[in-house]
Amino acid sequence: MDFSTITDMLIGWVVSLGSTVNDLPGTVAFALGLFTWFGVELVFRRMVAGLRWVVLLGVLAGLGVSLPYVASLMFERGGDIPDIQTLETPSG
């Protein structure tokens, strides 16, 4: 059973329950609302998480920044470390 079949089955079940929501007891109607709310929120959260990476890569590509350049910025030490003898000490 794949994800689309499960999704279609759950959507059909919620729609069939939703059509009789006026006849449902208050607790069951509330539970159905919670289930659908959190289910839809979970789907949107997963879509936005995937879309976030697409937007980030699109921005980097739009700026013309290549992956080796970004890696060199991330892993570079930031220059040479000066010797202790060449540092000036304040005279006191």
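Residues numbered from 1 in each chain as written. Predicted model: local features only at pLDDT ≥ 70, side-chain atom pairs only at ≥ 80, totals over all residues. Heavy atoms only, no water.

Asker: Can you help me understand the overall build of the protein chain in this one?
Answerer: What the protein chain contains, in helices and strands, is three helices and zero strands. Reading the secondary structure of the protein chain in the N-to-C direction produces α-α-α. When each of the 92 residues of the protein chain is scored for burial, the buried share is 2%. Of the accessible surface of the protein chain, which amounts to about 8,500 Å², a share of 70% is contributed by carbon and sulfur atoms. (Helix = DSSP H or I, 4+ residues; strand = E, 2+ residues; numbered from the N terminus. Buried < 20%, exposed > 50% of the residue type's maximum accessible area, 1.4 Å probe, protein only. Areas by Shrake-Rupley, 256 points an atom, 1.4 Å probe, with all protein chains shown as cover.)

Asker: Is there a simple way to think about a nonpolar patch on the surface in this case?
Answerer: Taken together, the side chains of Leu51, Val54, Val55, Val59 and Leu63 define a hydrophobic patch exposed on the protein surface, amounting to about 480 Å² of accessible area. Mapped onto the secondary structure, Val59 falls in helix α2 (residues 26–63). (Patch = residues over 30% accessible without salt bridge, like charges linked within 9 Å, V, L, I, M, F, W, Y side chains within 5 Å. Salt bridge = Lys/Arg side-chain N within 4 Å of Asp/Glu carboxyl O.)

Asker: Help me understand the pattern of salt bridges in this model?
Answerer: When charged atoms on two side chains of opposite charge get close, those side chains can pair. Here the structure, examined in full by the defined rule, presents one salt bridge. Put simply, Arg45 and Glu41 hold a salt bridge, and the shortest N to O gap is 2.5 Å. Taken together, the residues Arg45 and Glu41, both in helix α2 and four residues apart, mark about one turn of the helix.

Asker: What should I look at first to understand the packing of helix α1 (residues 3–19) against α2 in this one?
Answerer: The description of two helices packed together rests on the angle between their axes and the distance between the axes. Interhelical geometry of α1 versus α2 gives an angle of 145 degrees and a closest axis separation of 11 Å. For the pair α1 and α2, the crossing hand works out as left-handed. Between α1 and α2, the residues in contact are Leu10, Trp13, Val14, Leu17 and Gly18 and Leu32, Phe35 and Thr36, respectively. Within the contact of α1 with α2, the residues separate by chemical class into six nonpolar, two polar and no charged. (Axes fitted to C-alpha atoms, helices over the stretch in contact; angles between N-to-C directions. Left-handed = near helix turned anticlockwise from the far one by under 90°. Contact = heavy atoms within 4.5 Å. Nonpolar A, V, L, I, M, F, W, Y, C, P; charged D, E, K, R; others polar.)

Asker: How do you make sense of the packing of aromatic side chains when you look at a structure like this?
Answerer: Where two aromatic rings form a pair, the distance of their centres and the angle of their planes describe that pair. Under the defined criterion, the tally for this structure stands at one aromatic pair. Taken together, a centroid distance of 5.9 Å and an interplanar angle of 80 degrees make the contact between Trp13 and Phe35 edge-to-face. Within this pair, whereas Trp13 is found in helix α1, its partner Phe35 is found in helix α2, the two being separated by 22 residues in sequence. Classification of Trp13 by relative accessible area gives partly exposed; the value is 43%. Here Phe35 falls in the partly exposed class, since its relative accessible area comes to 41%. (Phe/Tyr/Trp six-rings, centres within 6.5 Å; stacked < 30°, edge-to-face > 60°.)

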